Amino acid sequence: MPHIDAERRELMLTLAVYGAPKVGKTTILHCIQDRVTPERRGNINPFGTDAGVARLLDWLPLELGRISGWQTRVHLYAIPDQRHADATRRVILGDADGILFAADAQAGRLADNLTALRSLRDNLDDRDGHARDVPMVLLYTKHDLPAELLLTRSALNQELNARAAPDFVCSALRGEGVLEALHSVIAIVMRQFAPTRRNGA
Ligand SMILES: Nc1nc2c(ncn2[C@@H]2O[C@H](COP(=O)(O)OP(=O)(O)O)[C@@H](O)[C@H]2O)c(=O)[nH]1
Ligand SMILES: [Mg+2]
């Protein structure tokens, strides 16, 4: 559920970029930072490195302006799927309104993608073992690499996208497909939020 300030008509969405190590999560945030006008975004803030420990997360704040009369902000986080970030991951995912699942399109990384997807589901489970239903889109990244290294989009969907969520073929290095995926997940979250908006605030 987005954070709402009804009096000021402000909305704050939490989105998480999730995926296996080295899949390109940080590059995705840089890609978005580079393509959004500076008035509409902050800077990427890395947490963890300054303290001399492994990176815990990257955070990019975005200002979407007014959507249906609501001043809308996004906090976009990239969280590593690594043990040292367990607690951080649980907190961010517990708060997430939407997820961008980044999968490396290279055939050789399929097992890592599947492991990350399983750990995402585990992290979304509440204490009763029910998976929280968070809107998700999939980004099949690194599509700039030679085709013989890559799985096809339909093979990736078959392996990773049982629920037929929106999927995007991307290259974060070239800036292809990433903003489309971001817009898509924001649109889904805003649609889900619309009935609450009408009834309440
Ligand atoms: N060819 C290619 N390489 C990428 C792409 N996105 C990320 N990389 C590379 O993959 C490596 C890991 O990227 P990074 O963003 O640090 O991954 P993270 O661990 O998921 O945050 C780096 O060497 C990136 O340059 C992409 O779209 N295409
Ligand atoms: Mg990273």
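So, here's what we can say about the structure. Just so it is clear, the structure is predicted and the values come from calculations on it, not from any experiment.

1. Here's the deal with the pairing of strand β2 (residues 10-19)
Logical step 1: Buried residues dominate β2, accounting for eight of its 10 residues.
Logical step 2: Bridge count for strand β1 (residues 3-5) against β2 is three bridges, and the pairing is antiparallel. Paired with His3 across the two strands is Met12, which belongs to β2.
Logical step 3: Two successive antiparallel strands, β1 and β2, enclose a turn made up of four residues, where Arg9 displays a positive phi of approximately 55 degrees.
Logical step 4: Sheet analysis places β2 next to strand β5 (residues 70-78), joined by eight bridges and oriented parallel. Within the sheet, the bridge partner assigned to Leu15 lies in β5 and is Leu76.

2. Section: the environment of Tyr140
Logical step 1: Counting through the fold element by element, Tyr140 comes out in strand β7 (residues 136-141).
Logical step 2: Its relative accessible area of 0% is what places Tyr140 among the buried residues.
Logical step 3: A C-alpha to C-alpha distance of 5.2 Å links Tyr140 and Ala105, two positions 35 residues apart in sequence.
Logical step 4: Side chain to side chain, Tyr140 and Asn157 meet in a polar contact 2.7 Å long.

About the thresholds
Residues numbered from 1 in each chain as written. Chains lettered and ligands numbered in written order. Predicted model: local features only at pLDDT ≥ 70, side-chain atom pairs only at ≥ 80, totals over all residues. Heavy atoms only, no water. Buried < 20%, exposed > 50% of the residue type's maximum accessible area, 1.4 Å probe, protein only. Helix = DSSP H or I, 4+ residues; strand = E, 2+ residues; numbered from the N terminus. Pairing = 2+ DSSP bridges. Polar contact = N/O pair within 3.5 Å; in protein donor to acceptor, adjacent residues only side chain to side chain.

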